[in-house]
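Take a look at the letters that make up each chain.
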Amino acid sequence: MSHLSLRPATPADIPLILLLVRELAEYERLAHEAVGTAADLEAALFGARPAAEVVIAECDGQAAGFALFFVSFSTFLCKPGLYLEDLYVRPEFRSRGIGHRLMAHLAALAVERGYGRFEWSVLDWNAPAIAFYRRLGARPMDEWTVQRVDGQALHALAAQAGG
């Protein structure tokens, strides 16, 4: 029987987190978009204004996966929420309940912190992840479509801010 533990990331984990993010990007066929650096990640997680948190899953002392999340806000609920940006379990550690433990841990954090919801996005082709989320009780938000402005379009829109 293997031992699974979850722990908050520390600055010493930056190289590991970056490696896990790159593994996830490879799995999601988005490796070309994983351009962040260790310095970027350290500033985002442990800088003056941390933008996100990470929980690392370890199985028998080996890094098995991670969850990176941040606080969102619902104006309808007038409460913060927990937004899961990334959930990743390395292939050799899958089917051991690690993803479920990470999700249950995040749900418990959301409840403990008084948040109104726990949300995330999933790629529409990722059938195993979608099935996993359904088993957890998640429901799809089919009427919503994610919108994004980034790169040059972000800079162009910002340039229109005036004043």
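Presented here is a report on the structure given in the accompanying data block.

Quick notes on the rules
For every chain, the first residue of the written sequence is number 1, and numbering continues from 1 along that sequence. Only residues with pLDDT of at least 70 are given local features in this predicted model, and only at 80 or more are side-chain atom pairs given and counted; all residues enter the totals for whole chains, interfaces and linings. Side-chain numbers here rest on the full set of heavy atoms in the structure, without hydrogens or water. Patch rule: a residue counts if its relative accessible area is over 30% and it has no salt bridge; like charges are joined within 9 Å, and nonpolar side chains (Val, Leu, Ile, Met, Phe, Trp, Tyr) within 5 Å. Areas reported as accessible are Shrake-Rupley estimates using a 1.4 Å probe. Residue values count occlusion only from the protein chains shown. Throughout this description, the term salt bridge denotes a Lys or Arg side-chain nitrogen within 4 Å of a carboxyl oxygen of Asp or Glu. For the purposes of this entry, the term helix denotes a DSSP run of H or I that reaches at least four residues, the term strand denotes a run of E that reaches at least two, and both are numbered from the N terminus. Within 6.5 Å between ring centres, the rings of Phe, Tyr and Trp (the latter by its six-membered ring) count as paired, and their orientation is classed by plane angle as stacked under 30 degrees, edge-to-face over 60, tilted in between. By the criterion adopted, a ring carries a charge over it if an Arg CZ or a Lys NZ lies within 6 Å of its centre and within 35 degrees of its normal. In this analysis, two residues are considered to be in contact whenever any of their non-hydrogen atoms come within 4.5 Å of each other. Residue burial is assigned from relative accessible area. The probe radius is 1.4 Å, only protein chains are included, and a residue is buried under 20% of its type maximum, exposed over 50%, and partly exposed in between. Pairs of N or O atoms are called polar contacts if they sit within 3.5 Å, as long as, within protein, a hydrogen donor faces a hydrogen acceptor (for residues adjacent in sequence, only side-chain-to-side-chain pairs). When DSSP locates at least two bridges between a pair of strands, those strands are taken to pair. Helix axes are fitted to C-alpha atoms over the stretch in contact, other axes to C-alpha atoms as well, and angles between N-to-C directions run from 0 to 180 degrees.

Thoughts on a nonpolar patch on the surface
Now for step 1: Taken together, the side chains of Val149, Leu154 and Leu157 present a nonpolar region at the surface, about 260 Å² in accessible area.
Now for step 2: As for its placement among the helices and strands, leucine 157 is situated in helix 5 (residues 151-159).

Focus: the packing of aromatic side chains
Now for step 1: Taken as a whole and judged by the stated rule, the model has five aromatic pairs.
Now for step 2: Ring geometry for tryptophan 120 against tyrosine 133: centres 5.0 Å apart, planes inclined by 55 degrees, an arrangement best described as tilted. Of the two residues, tryptophan 120 is situated in strand 5 (residues 118-120) and tyrosine 133 in helix 4 (residues 127-135); the sequence distance between them amounts to 13 residues.
Now for step 3: Put simply, the rings of Phe118, Trp120, Phe132 and Tyr133 touch in pairs and so form one group of aromatic residues.
Now for step 4: Lying over the aromatic face of tryptophan 125, arginine 29 brings its terminal NZ or CZ to 3.9 Å of the ring centre.

Focus on the environment of alanine 64
Now for step 1: Relative to the assigned elements, alanine 64 resides in strand 3 (residues 62-74).
Now for step 2: Between the alpha carbons of alanine 64 and valine 21 there is a distance of 12 Å; along the sequence they are 43 residues apart.
Now for step 3: Residues in contact with alanine 64, not counting those within four places in the same chain, are Ala57, Glu58, Cys59, Tyr88, Val89, Arg90, Phe93 and Ile98.

Regarding the pattern of salt bridges
Now for step 1: In the structure shown here, the tally under the stated rule is four salt bridges.
Now for step 2: Its salt-bridge partner being arginine 90, residue glutamate 23 comes within 2.8 Å of it at the nearest N-O pair. You can see glutamate 23 sitting in helix 1 (residues 14-27) and its partner arginine 90 sitting in the loop between strand 4 (79-89) and helix 3 (98-112), a full 67 residues away along the chain.
Now for step 3: For arginine 90, a relative accessible area of 13% puts it in the buried group.
Now for step 4: Residue glutamate 53 pairs with arginine 113 through a salt bridge whose shortest N-O separation is 2.8 Å. Remark: arginine 113 occurs in the loop between helix 3 and strand 5 and glutamate 53 occurs in strand 2 (residues 53-59); sequence separation between them is 60 residues.
Now for step 5: Given a relative accessible area of 32%, glutamate 53 falls into the partly exposed group.
Now for step 6: With a relative accessible area of 33%, arginine 113 lands in the partly exposed category.
Now for step 7: Through salt bridges with shared partners, a single ionic network connects Arg7, Asp13 and Glu58.

Digging into the side chain of asparagine 126
Now for step 1: Position of asparagine 126 relative to the elements: it lies in the loop between strand 5 and helix 4.
Now for step 2: One polar contact links asparagine 126 to tyrosine 27, side chain to side chain, over a distance of 3.3 Å.

Looking at the side chain of serine 72
Now for step 1: For serine 72, the location among the structural elements is in strand 3.
Now for step 2: The exposure class assigned to serine 72 is buried, which follows from its relative accessible area of 19%.
Now for step 3: Excluding residues within four positions of it along the chain, serine 72 makes contact with Pro80, Gly81, Leu82 and Tyr83.

Concerning the sheet that holds strand 2
Now for step 1: Read from one edge of the open sheet, five strands run 1-2-3-4-5, paired in mixed fashion. Looking at strand neighbours, the two that pair on one side only are strand 1 (4-8) and strand 5, the edges of this open sheet. Across the sheet, the axes of successive neighbouring strands diverge by a mean angle of 30 degrees, strand direction being ignored.

Coordinates in, geometry out; function isn't part of it.
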